Amino acid sequence: MKTEYLTPDAAGIRRGAEILRAGGLVAFPTETVYGLGGNAMDPKAAEKIYAAKGRPSDNPLIVHLGTKSVREMARYAAEIPEDAKKLAEALWPGPLTMVLPKRPEIPDATTGGLSTVGLRCPYPQAARRLIASSGTAIAAPSANLSGRPSPTTWQDVAEDMDGRIDAIITGARCRCGIESTVLDLTGSVPTILRPGWYPPYLIAHILGKDCVYDPALFAQPGEDYRPKAPGMKYKHYAPQAEMILFSGEPEKVKAAIAARRRELRAQGRSVGTLRFDPDDPARAARRLFAALRAFDRKGVDVILATALPEEDAGNFAVMNRMLKAASYRLEEV
Ligand code: TXA
Ligand code: MG
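Procedures and definitions
For every chain, the first residue of the written sequence is number 1, and numbering continues from 1 onward in sequence order. The lettering of chains begins at A and the numbering of ligands begins at 1, in the order of writing. Two thresholds apply to this predicted model, a pLDDT of at least 70 for residue-level local features and 80 or more for giving and counting side-chain atom pairs, whereas whole-chain, interface and lining totals are computed over all residues. The side-chain figures draw on all heavy atoms in the structure; neither hydrogens nor water molecules are used. Only protein chains enter the accessibility calculation, which uses a 1.4 Å probe; a residue whose area is less than 20% of its type maximum is buried, one above 50% is exposed, and one in between is partly exposed. Here a strand is any run of E in DSSP of at least two residues, a helix any run of H or I of at least four, and the numbering for each starts at the N terminus. Two residues qualify as a contact provided that any one of their heavy atoms is within 4.5 Å of a heavy atom in the partner residue. None of His or the chain ends enter the tally, which takes Lys and Arg as positive and Asp and Glu as negative. Basic side-chain nitrogens of Lys or Arg form a salt bridge, by our definition, when they fall within 4 Å of a carboxyl oxygen of Asp or Glu. In the analysis that follows, any N or O atom pair within 3.5 Å is treated as a polar contact, provided that within protein one partner can donate a hydrogen and the other can accept it, and provided that, for residues neighboring in sequence, both atoms belong to side chains. Stacked, edge-to-face and tilted are the three classes for Phe, Tyr and Trp ring pairs, Trp counted by its six-membered ring, which pair at centre distances within 6.5 Å; planes under 30 degrees apart are stacked, over 60 edge-to-face, the rest tilted.

Participant: Would you mind going over helix H7 (residues 154–161) with me for this structure?
Facilitator: An α-helical turn contains 3.6 residues, so any two residues separated by three or four positions project in the same direction. Among all positions in H7, only Asp 156, Val 157, Ala 158, Asp 160 and Met 161 are buried. Where the residues of H7 are buried, they touch strand E1 (4–6), strand E2 (26–28), strand E3 (35–39), helix H2 (43–53), strand E8 (167–169) and helix H10 (281–298). Just beyond H7, the residue with positive phi is Gly 163, at close to 85°.

Laid out in structure tokens, this is it:
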């Protein structure tokens, strides 16, 4: 199929909405990463999304709303607890996905057969206008091929999806750079299933009660590792290169990376290094996926990366993606 490239103006959004209404797929910018959108109420659109990504269909799709009103949420969620209303008011539009009991009208193909649905109202106006003009909610996973790093520019989307989907909206670079915080509100304690830009203490502060991380986030694969967000169990965000994380005192880490680099180069392997400022998690988040894709384009064999201290919630969210990219290969030095 020939992919249309649409500008994020009124004409482009109108065309994108028309494609979505007709059951087609449109990639669009959000503040986190680019999404691969299809009509959330049309099981055929969900099937097309899984096919375009090459993704297992038991992985539920986030349902994106064009406005943050309770009325809009009620079209898709069977129950809207007070906590969900408070968080929508305080943090939407923004990088938060709330898992709530779903209405039966949402097809199983969209939610991977779960009885819950993840709802999110994205920040950029282009995204909200596209969704609102389509007249429905839009199911959208990240617009990368399954297993590749999430796309943070429309060019990244084109690299993976040109010829596989109907259209790409050529919007801005994503400001946040890592995917939304996924928060389960169906249990007795609000639980973060996927760490993102919104930290637990912010959610706890807004709700006036505890908010915890899903313990599965701290388990190593091979341990009893059963995350509640089905997507968290797949190998994700992986660059083509092999990636190794080094943690420890900064000076020791530097020395270890330099030594390993010499060793690998002597073996004729090309090496890239990745290091973020631990005091600037926003920048690390914004740049991580772009950096991984850049290494792939250069054909780097091995990426030697410096681990971030995880006490900071932003760094913790970035490290969650780095650990996956490295298939949990972490060397303490
Ligand atoms: O920032 C984002 O959330 C991006 C942009 C495009 O909005 N979307 C995104 O979608 O990251 P995706 O499909 O790549 O990741 C969705 C994650 C998966 O880990 C999935 O298992 C989880 O959210 N999820 C979705 N619905 C869920 C549900 N009902 N219960 C538990 N986890 C759910
Ligand atoms: Mg994804």
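After presenting the structure, the write-up continues.
Participant: Could you clarify how one ought to interpret the side chain of Lys 102 in this entry?
Facilitator: Secondary-structure assignment places Lys 102 in the loop between strand E5 (96–101) and helix H5 (108–111). Despite its burial, Lys 102 remains without a salt bridge, the nearest opposite charge being carried by Asp 108 at 4.1 Å. In terms of polar contacts, Lys 102 uses its side chain to reach the backbone carbonyl oxygen of Ile 106, at 2.6 Å. Filtering out sequence-adjacent residues up to four positions away, Lys 102 remains in contact with Tyr 76, Ala 78, Asp 108, Thr 111, Leu 114, Ser 115, Thr 116 and Val 117.

Participant: Explain the packing of aromatic side chains to me, please; I cannot follow it from the model alone.
Facilitator: Here a ring pair, both rings aromatic, is described through the centre-centre distance and the interplanar angle of the planes. Counting across every chain of the model gives four aromatic pairs. On the numbers, 5.9 Å between centres and 75° between planes, the contact of Tyr 213 with Phe 218 is edge-to-face. Consider the rings of Tyr 213 and Phe 316, whose centres lie 4.6 Å apart with planes at 50°: the pair is tilted. Of this pair, Tyr 213 sits in strand E11 (residues 212–213) while Phe 316 sits in helix H11 (residues 313–325); the two residues are 103 residues apart in sequence, bridging distant segments of the chain. When its relative accessible area of 7% is taken as the criterion, Phe 316 is described as buried. Through a chain of ring-to-ring contacts, the aromatic side chains of Tyr 213, Phe 218 and Phe 316 assemble into a single cluster.

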